[in-house]
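Remarks on the overall topology
Here are the chains, one letter per residue:
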Amino acid sequence: MVREACINDLNEILHLYLYLHEKEVPEETEHLKQTWDTIISDNNHHLIVCEIDGIIVSSCVCVIIPNLTRNVRPYAFIENVVTHGEYRGKGYATACLNYAKKIAEDNNCYKMMLLTGSKEQKTLDFYKNAGYNSSDKTAFIQWIDM
């Protein structure tokens, strides 16, 4: 079942992120709680999860960004696409991305964007098969205090 995250999903999502790039689950601090509250209450921030047998196995984030160009239409940014290692290759991340696309369409977005740090061909093929291309734009990243 694909759905938007609810307030009680934080711990499972943090553990799922260990399959993304995190090395450890962050300490439960006031900052973490405030950040989670901000995310979960923001109407433009959609944390999408795929739950199988009561376990969150895949997720992505879809942020709707208001915009003054393109006939004042917003765009969507996709981030933190991840699937638990034991559940990969079963279409769960694709289901999350499709849910994100529906959110973008419902919000009249004119485009969706995502970035990946992966150079693995199977990951790049996954995004291409999901409808994304890498030929329209060039991405530049500036890391801040990493």
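The following paragraphs examine the structure supplied in this document. This is a predicted model, so every value here is computed, not measured.

**Observations concerning the nonpolar core**
The tendency in soluble globular proteins is for nonpolar side chains to be buried as a group. Ranked by internal contacts, the top residues of the largest apolar core, which has 20 residues, are Ile-48, Cys-60, Cys-62, Ile-78, Val-81 and Leu-97. Secondary structure elements with two or more residues in this core: strand E2 (45-52), strand E3 (55-65), strand E4 (75-83) and helix H3 (92-106). Looking at which element gives the most residues to this core, the answer is H3, with seven residues. Contacts of Cys-62, omitting those with residues within four sequence positions, involve Asn-44, His-45, His-46, Ile-48, Ala-76, Phe-77, Ile-78, Ala-100 and Ile-103. Grouped together as the second largest cluster of nonpolar side chains are 14 residues, Trp-36, Ile-39, Leu-47 and Ile-56 included.

**Brief notes about the environment of Tyr-127**
Here Tyr-127 shows up in helix H4 (residues 121-129). On a C-alpha basis, the gap between Tyr-127 and Ile-55 in space is 24 Å, while along the polypeptide they are 72 residues apart. If sequence neighbours within four positions are ignored, Tyr-127 has contacts with Val-81, Leu-97, Leu-114, Thr-116 and Tyr-132.

**A short note on the pairing of E4**
Bridging between E3 and E4 involves seven bridges; their strand directions are antiparallel. Paired with Ser-59 across the two strands is Val-82, which belongs to E4. As judged from the three bridges shared by E4 and strand E5 (residues 112-114), these two strands associate in the parallel manner. Bridging from a neighbouring strand, Phe-77 pairs with Met-113 of E5. Running through H3, the crossover from E4 to the neighbouring parallel element E5 is right-handed.

**Let's talk about a nonpolar patch on the surface**
On the surface, Leu-115, Ile-141 and Trp-143 cluster together to form a nonpolar patch covering roughly 360 Å² of accessible area. Position of Ile-141 among the secondary structure elements: in the segment after H4.

So, how was this worked out
- Residue positions are given per chain, counting from 1 as you read along its sequence in written order.
- With pLDDT at 70 or above as the cut-off, local features in this predicted model cover only qualifying residues; side-chain atom pairs require 80 or more to be listed or tallied, and sums for whole chains, interfaces and linings still use all residues.
- Side-chain numbers come from the whole structure's heavy atoms, not from hydrogens or water.
- Here, the term nonpolar core denotes a set of buried Ala, Val, Leu, Ile, Met, Phe, Trp, Tyr and Cys residues that are joined through side-chain atoms within 4.5 Å.
- Each residue gets one of three labels from its accessible area relative to the maximum for its type: buried under 20%, exposed over 50%, partly exposed in between, using a 1.4 Å probe on protein chains only.
- Under the scheme used here, helices are H or I runs from DSSP no shorter than 4 residues and strands are E runs no shorter than 2 residues, and both carry numbers assigned from the N terminus.
- In this description, contact between two residues means that some pair of their heavy atoms is separated by no more than 4.5 Å.
- Here the rule is simple: two strands pair whenever DSSP picks up at least two bridges between them.
- Handedness of a crossover is defined as follows: orient the strands so they point away from the viewer, and if the path from the first strand over the helix to the second runs clockwise, the crossover is right-handed.
- Two joining distances apply to patches: 9 Å for like charges and 5 Å for nonpolar side chains (Val, Leu, Ile, Met, Phe, Trp, Tyr), and every residue must have over 30% relative accessible area and no salt bridge.
- All accessibility values rest on the Shrake-Rupley procedure with a 1.4 Å probe; residue burial counts only the protein chains present in the view.
- By convention in these notes, a salt bridge is any Lys or Arg side-chain nitrogen within 4 Å of a carboxyl oxygen on Asp or Glu.

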